[in-house]
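Commentary on secondary and tertiary structure
Single-letter residue listing:
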Amino acid sequence: MKTMYDIQQLLKRFGTIIYTGNQAADLELIQEEVRELYNQKLIDVNEYKTAILIIRAAHNKLQ
């Protein structure tokens, strides 16, 4: 997993598609969904950490 697209594909595997038209809001929702997948033990710790780092980097680019 290297890009936001990869994270979106991860979420898509679990039936989640997020698009609100607001990039900042999308990133917040994606982060929450990734956190929920990890809390429910559907993804491992490495996937979780990588996804969170990518999301934070994308969020920093917006600012």
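Quick note: structure is the one above.
Source: prediction; values computed, not measured.

Some remarks on the environment of Lys-2
Within the secondary structure, Lys-2 is located in the segment before helix H1 (4-13). Separated by 48 residues in the primary sequence, Lys-2 and Thr-50 place their C-alpha atoms 7.9 Å from one another.

Describing the pattern of salt bridges
Counted by the stated rule, this structure contains two salt bridges. Taking the shortest distance from any N to any O, the salt bridge between Arg-13 and Glu-47 comes out at 3.9 Å. One end of the pair, Arg-13, is in helix H1; the other, Glu-47, is in helix H3 (residues 45-62), with 34 residues separating them in the sequence. Note on Arg-13: relative accessible area 58%, which makes it exposed. Owing to a relative accessible area of 24%, Glu-47 belongs among the partly exposed residues under this scheme.

What counts, and where the lines are drawn
- Residues numbered from 1 in each chain as written.
- Predicted model: local features only at pLDDT ≥ 70, side-chain atom pairs only at ≥ 80, totals over all residues.
- Heavy atoms only, no water.
- Helix = DSSP H or I, 4+ residues; strand = E, 2+ residues; numbered from the N terminus.
- Salt bridge = Lys/Arg side-chain N within 4 Å of Asp/Glu carboxyl O.
- Buried < 20%, exposed > 50% of the residue type's maximum accessible area, 1.4 Å probe, protein only.

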